[in-house]
Amino acid sequence: MSKRQHISAVVNGDPVEFLSAPGTTLLDALRDELGLTGSKEGCGSGDCGACSVILDGRLVCSCLVLAVEAEGRRVETIEGLADGGTLHPLQQKFLEHAALQCGFCTPGILVAAKALLDANPDPTESEARYWLAGNLCRCTGYDKIIRAVMDAAAELRQVRV
Amino acid sequence: MSDVLERPESAIRVAAPLDDGHLKVVGTRPIRPDGAEKVTGKALYGADLAMPGMLVGKIKRSPHAHARIVSIDTRKARALAGVKAIVTAADFPDLASEEYEAGESASNLRDLSLNVMARHKALYDGHAVAAVAATSSDIADEALALIVVEYEALPHVIDVEAAMADGAPVLHAHLFTEGLAARPDKPSNIAKRNELTRGDLAAGFAGAEVIIEGRYTTAAVHQGYIEPHACVANFGADGQCQVWSSSQGQFMIRTYCAKVLDLEASDIRVTPAEIGGGFGGKTTVYLEPVALALSRQCGAPVKMVMTRDEVFRATGPTSGAVIEVKLGAMADGTIVAADVVLKYQAGAFPGSPVGAGSMTALACYDVPNFSIVGYDVVTNTPKVAAYRAPGAPISAFGVESAVDDLALKLGMDPIALREKNAVRDGTKASYGPTFRNIGYVETLQAIREHPHYSAPLGPNQGRGLAVGFWFNVGGESTAAVNIGEDGSAVVISGNPDIGGSRASMAMMAAEVLGLPVEKVRPIVADTASIGFSMLTGGSRTTFATGMAVTQAAQKIVEDLKRRAALLMDVSVDQVDYVNGVAVCLDASKGKADLTIAELAAKAAQTGGPIGAQVSLNAQGAGPGFGVHLCDVEVDPETGHVTVLRYTAAQDVGKAIHPAYVEGQIQGGVAQGVGWALNEEYVFDRTGHMENAGFLDYRVPVASDLPMIDAIMVEVANPRHPFGAKGVGEVPIVPPLAAVANAVRGAIGKRMTDLPLSPPKIRAAVDAG
């Protein structure tokens, strides 16, 4: 077994250091080394999106990224979405629209939706649906999720104005 | 947008006991009490718990669909540094065959145990044969590779009709078909034949003016919860066991672990983690007894988490099936005879949902002459688990396809045809009881009056309608309500919150106590902290556990009145309790009102802490009906089906939290659409599942679906304090046929074999 390597990265704005074996995924490092269990493993193969994080501004499945690849980079996870005790508008809208049932896919979907609105503040419903097509939800049928994302987008546009 | 249909006062047959028409909390849409934890990533699911000294447990699985286990040699694995425990079937008691009621339905304990760990024979690709606990995931993997299992491969059978045929490989030498007139003289894969009949079938068909016949098939599909099974177990040196796991019932986990390991239930404390979806698939045990057995051997806590591959290969799914339907009707649409044959895969052990499939098959129809015969058939596939209205979507797919053909043949409107044959209050249901307070006809009307029903269709588009039924259940539940010294309340129940039940529990308590819902904190407790509750399943929690919560809150209100009377120095009958305030009815006495907060602050003077617990066995769960309308467009070049529009109306009793009722309907529809269009277990010639991952087993994604209009038809269930009935299962029953009927409209051909994947549609279109 190869020796573990020392990794320095910035997670949710804070510097972190941890040790990681060469084959360890970023998801496992976040969950097991840094205690950030908000990112979930639903498949381990990049098909469900429950482990979505933003790596240097790009939406990725953290189960498909090696932890050693995070060296020197910025990682945003669900734990960094709220501003301290204030929920992000996406989080608030998910609550108001009842856009979660079991809640397991929710962190990944929120992170993916944030990446969407960062890139495209005024998505059409169709754009939102295709952007989130990599995030499986088995409970909701996506209806309320899409409504919550569109509503949060509208609110964020107003804030920007 | 979704909306609640207002019903004229005159149409309300029986009001719910506590619904005076002026409810303040029930029927509103507050933010769920566990919401913030779940949108911030703090909620702890099955795989999120870590304990000091925790080991990693993993399972070695059979690569054969059917094989005799000749030997298992664990010596090399045991010698590997870091390996702390290894178990095989030899580490579990060899249980006798015994039916036991603890999950969604009765389970045979021997079969349950053999499914957890194979003994003598592996019965499907993925069947557990051994397990290890090690200090790291890598070492556990290495140890699994070092376990040497010698198999003698046996012929296998997957297809349900192949398994029923003479000469099929027999899975269980001790299995003789039940339900036959005479005990058969040789073992069979047909575990059971069940039959429901009424009237004179032959005479019914003889008198019919129109006959419709069809043969339909459905593929095995998985519940597809996004959270894989996960648990942590610790077996203490004193025999006290702790299990943390994600399941639909902590008491179910306790019971099954106790039975499979021959332990006392009271020695096992099960704490429910948040559950990342279940849909029936987490109503049994796979990992927990294994983790306990490993922990018993090494004395350390053991964590086990399945991979997605393991979830597909070794848990769930529901049955693949063959459905044969023959209908006889008069020219005016009256159905006079129905002959239904159902053949359901059970997987490796008996227990397919064919019984429920039989009972629900004709439950929407008042048919004088019928026969429904069901076969429960074992196959070399994972043992099926409950999946949302178990069995009902399968039989409904056949029956609703045939009814659609009947409407076409008669040139009749599909709603008019169903209305003509609809069950109503007073109709004796096909499965026995007499319907009371059902809202089926109102639900049909809701769809007829919806603009969707008369909207125009474009080229290559079709519209399909289908109906569905589910019993809903009640059962045993316990709930406690405790009032804090400031007058706020804690509601404790024993049912995992799988889709918002904490919210509904808090709302019902708040309504009775006259508190704002924010002052009621709902808790899902471990097995040592609250009395027994059956699992979250059968659409029972809001109905049955909600009834316990409501009754506990009502007890507290009675107690608050007594306490207020003491403080006011009046008799109890002179005190009323309204909106959280105790009021003296005799104004001439000049007694000041007492709020619940004031009463709580003075609890010491009136008898001590304020709290109540109710345990009950809830009866009177009203059955639910769904009527679904689906528009599709078929691409004739690719065979791809796009769902354009979907409207689902459902008889929901009373929506406690309408947003989560809509969510149940929308989610059920999405799963049903996946079942209809994409999802299927695909096996290669050796019986190995070829698509055990979300890339190749394709569940609907956001871009596959339109908005799903959910219409709640509220016909109160008078057996529930607020009129509620279960809502979670009905919505998966109609979609299979609603989609297929829409495809029939689009391409002009009846598609009978699910899923309606592009190659099948292409072939049908090309055949002209």
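Calculation criteria
Residues numbered from 1 in each chain as written. Chains lettered and ligands numbered in written order. Predicted model: local features only at pLDDT ≥ 70, side-chain atom pairs only at ≥ 80, totals over all residues. Helix = DSSP H or I, 4+ residues; strand = E, 2+ residues; numbered from the N terminus. Rg over C-alpha atoms; globule rule 2.2 N^0.38 Å. Buried ≥ 20, exposed ≤ 12 C-beta atoms within 10 Å, placed from the backbone. Pairing = 2+ DSSP bridges. Axes fitted to C-alpha atoms, helices over the stretch in contact; angles between N-to-C directions. Contact = placed C-beta atoms within 7 Å. Domains from an automatic or database assignment. Nonpolar A, V, L, I, M, F, W, Y, C, P; charged D, E, K, R; others polar. Core = buried A, V, L, I, M, F, W, Y, C linked by C-beta atoms within 7 Å. Parallel < 35°, antiparallel > 145°, perpendicular 65-115°, else oblique. Left-handed = near helix turned anticlockwise from the far one by under 90°. Expected span 1.5 Å × (residues − 1). pLDDT = per-residue confidence, 0-100.

Mind laying out the overall build of chain B, listing which residues take part and the relevant values?
When helices and strands are counted, chain B shows 20 helices and 29 strands. Expected size for 768 residues packed as a compact globule is a radius of gyration near 27 Å; at 27 Å, chain B falls within 12% of this value. Taken over the C-alpha atoms alone, chain B extends approximately 90 × 75 × 50 Å along its principal axes. The buried share among the 768 residues of chain B stands at 59%.

Break down the overall build of chain A for me, citing the residues and quoting the values.
Within chain A, the secondary structure is distributed over five helices and five strands. What you see in chain A, going N to C, is helices and strands ordered as β-β-α-β-β-β-α-α-α-α. Relative to the globule expectation of 15 Å for 161 residues, the C-alpha radius of gyration of chain A, 16 Å, shows essentially globular dimensions. With the C-alpha coordinates aligned to their principal axes, the bounding extent of chain A is approximately 50 × 35 × 25 Å. Scored against the burial criterion, the 161 residues of chain A give a buried share of 57%.

Before we move on, can you summarise the sheet that holds strand β2 (residues 14–20) of chain A with the specific residues and values?
The strands making up a sheet associate through backbone hydrogen bonding, with each pair oriented either parallel or antiparallel. Residues and elements named next belong to chain A. Across the sheet, five strands lie side by side as β2-β1-β5-β3-β4; this open sheet has mixed pairing. For this open sheet the edge positions go to β2 and β4 (58–61), each flanked by a neighbour on one side alone. When strand polarity is set aside, the average angle formed by the axes of neighbouring strands in this sheet is 40°. Of the strand pairs in this sheet, strand β3 (residues 52–55) and β4 are connected by four bridges, and their pairing is antiparallel. Within the sheet, the bridge partner assigned to V53 lies in β4 and is V60. Contacting β3 and β4, helix α3 (residues 106–119) runs over the sheet at an angle of about 35° to β3.

Tell me about the domain arrangement of chain A, residues and numbers included.
Residue and element names in this part refer to chain A. Taken domain by domain, chain A comprises domain 1 (5–77) and domain 2 (89–160). Centre-to-centre separation of domain 1 and domain 2, based on C-alpha positions: 22 Å. Each partner contributes residues to the interface: domain 1 has 13 residues there, and domain 2 has ten residues. In terms of residues, the side of domain 1 that touches domain 2 owes the most to one element, β3, which gives three residues. Partitioning the side of domain 1 that touches domain 2 into residue classes produces six nonpolar, six polar and one charged.

Explain unusual backbone geometry to me, using residue names and the numbers behind them.
Residue and element names in this part refer to chain B. Residues L754 and P755 are joined by a peptide bond in cis, for which omega reads -5°. Its location among the elements puts P755 in the loop between α19 (735–747) and α20 (758–766). Phi at F279 is positive, roughly 55°, even though this residue is not glycine. With respect to the helices and strands, F279 occurs in the loop between β14 (268–272) and α8 (288–298). With a phi close to 65°, N472 is a non-glycine residue in the positive phi region. Mapped onto the secondary structure, N472 falls in the loop between β19 (461–470) and β20 (475–483). On the basis of neighbour counts, which here come to 26 C-beta atoms within 10 Å, the residue N472 falls in the buried class.

I'd like a rundown of the environment of Q666(B), residues and numbers included.
Following the sequence through the fold, Q666(B) ends up in helix α18 (residues 658–677). Looking at Q666(B), the number of C-beta atoms within 10 Å reads 26, which means it is buried. Through-space distance from the C-alpha of Q666(B) to that of G357(B) is 22 Å; in sequence the pair is 309 residues apart. Filtering out sequence-adjacent residues up to four positions away, Q666(B) remains in contact with T140(A), G141(A), D143(A), I708(B) and A710(B).

Which residues make up the interface of chain A and chain B, and what are the values?
Counting residues at the interface gives 43 residues for chain A, matched by 44 residues for chain B. Counting residues per element, the ones that place at least two in the side of chain A that touches chain B are α2 (89–96), α3, α4 (125–131) and α5 (143–160) of chain A. At four residues, the largest contribution of residues to the side of chain A that touches chain B is made by α2(A).

An account of the nonpolar core is needed here, citing residue identities and associated values.
With 304 residues, the main nonpolar core has V290(B), A509(B), V739(B) and V743(B) as its most contacted residues. When residues of this core are assigned to their parent elements, the largest contribution, eleven residues, is made by helix α16 (residues 541–568) of chain B. Shared between two domains, this core holds at least three residues of each, these being domain 1 (5–77) and domain 2 (89–160) of chain A. Not counting residues within four places of it along the chain, the set of residues in contact with V290(B) comprises G57(B), I59(B), V87(B), V116(B), M117(B), A131(B) and M304(B).

Any chance you could break down the packing of α18(B) against α19(B) for me, citing the residues and the numbers?
All names here are of chain B. With their axes 8 Å apart at the nearest point, α18 and α19 run at an angle of 55° to one another. The orientation of α18 with respect to α19, classified from their angle, is oblique. The interaxial crossing formed by α18 with α19 has right-handed handedness. Contacts between α18 and α19 involve V669, G672, V673, W675, A676 and L677 on the former and, on the latter, P735, L736, V739 and A740. Grouping the amino acids of the contact of α18 with α19 by side-chain chemistry returns nine nonpolar, one polar and no charged.

Which residues make up the sheet that holds strand β21 (residues 489–493) of chain B, and what are the values?
All names here are of chain B. Sheet architecture is open: four strands sit in the order β22-β21-β20-β26, paired in mixed fashion. Two strands close off the open sheet at either side, each with one partner strand: β22 (520–524) and β26 (610–618). When the angles between neighbouring strand axes are averaged without regard to direction, this sheet yields 15°. Judged from the nine bridges that link them, β20 and β26 form a sheet pairing that is antiparallel. Directly across from E476, in β26, lies its bridge partner N617. Helix α15 (residues 501–513) contacts β20, β21 and β22 of the sheet and is inclined by roughly 140° relative to β22. Against the sheet, α16 engages β20, β21 and β26, with an angle of about 145° to β26.

Before we move on, could you go through helix α11 (residues 392–410) of chain B and cite the residues and values that matter?
All names here are of chain B. Given a rise of 1.5 Å per residue, 19 residues ought to cover 27 Å, and the 26 Å separating the end C-alpha atoms of α11 matches this to within 8%. For α11, the tally of buried residues reaches 15 of 19 residues, placing the bulk of the element in the interior. Positioned one or two residues after α11, G411 has a phi angle of 65°, which is positive.

Residue-level account of the packing of helix α3 (residues 109–116) of chain B against helix α7 (residues 250–261) of chain B, with values.
Residues and elements named next belong to chain B. Viewed as axis vectors pointing N to C, α3 and α7 meet at an angle of 85°, and their least axial separation amounts to 10 Å. The angle between α3 and α7 places the two elements in the roughly perpendicular class. Contacts between α3 and α7 pair L109, L112, S113 and V116 from the former with Y256, K259 and V260 from the latter. Tallied by class, the residues present in the contact of α3 with α7 amount to five nonpolar, one polar and one charged.

Lay out the pairing of strand β23 (residues 575–578) of chain B in plain terms, naming residues and giving numbers.
Residues and elements named next belong to chain B. Here β23 shows one buried face, formed by V575 and Y577, and one open face, formed by D576 and V578. Where β23 meets strand β24 (residues 581–584), four bridges bridge the pair, whose relative direction is antiparallel. Bridging from a neighbouring strand, V575 pairs with C584 of β24.

Go over the environment of V170(B), please, and point to the residues and values.
Residues and elements named next belong to chain B. Here V170 lies in the loop between α5 (160–164) and β10 (190–198). The partly exposed category is assigned to V170, around which 18 C-beta atoms lie within 10 Å. Along the sequence, V170 and F435 sit 265 residues apart, while their C-alpha atoms lie 42 Å from each other.

Which residues make up the environment of A509(B), and what values do they have?
All names here are of chain B. For A509, the location among the structural elements is in helix α15. Spatially, the C-alpha atoms of A509 and M547 are 9.9 Å apart, while their sequence positions differ by 38 residues. In this structure, A509 is in contact with V481, A489, V491, V520, V549 and A553, ignoring residues within four places of it in sequence.

I'd like to hear about the confidence of the model for chain B, residue by residue, with values.
Looking at chain B, the pLDDT average stands at 96 and 98% of residues meet or exceed 70. Interface predicted TM-score (ipTM) for the complex: 0.98; the corresponding pTM is 0.97.

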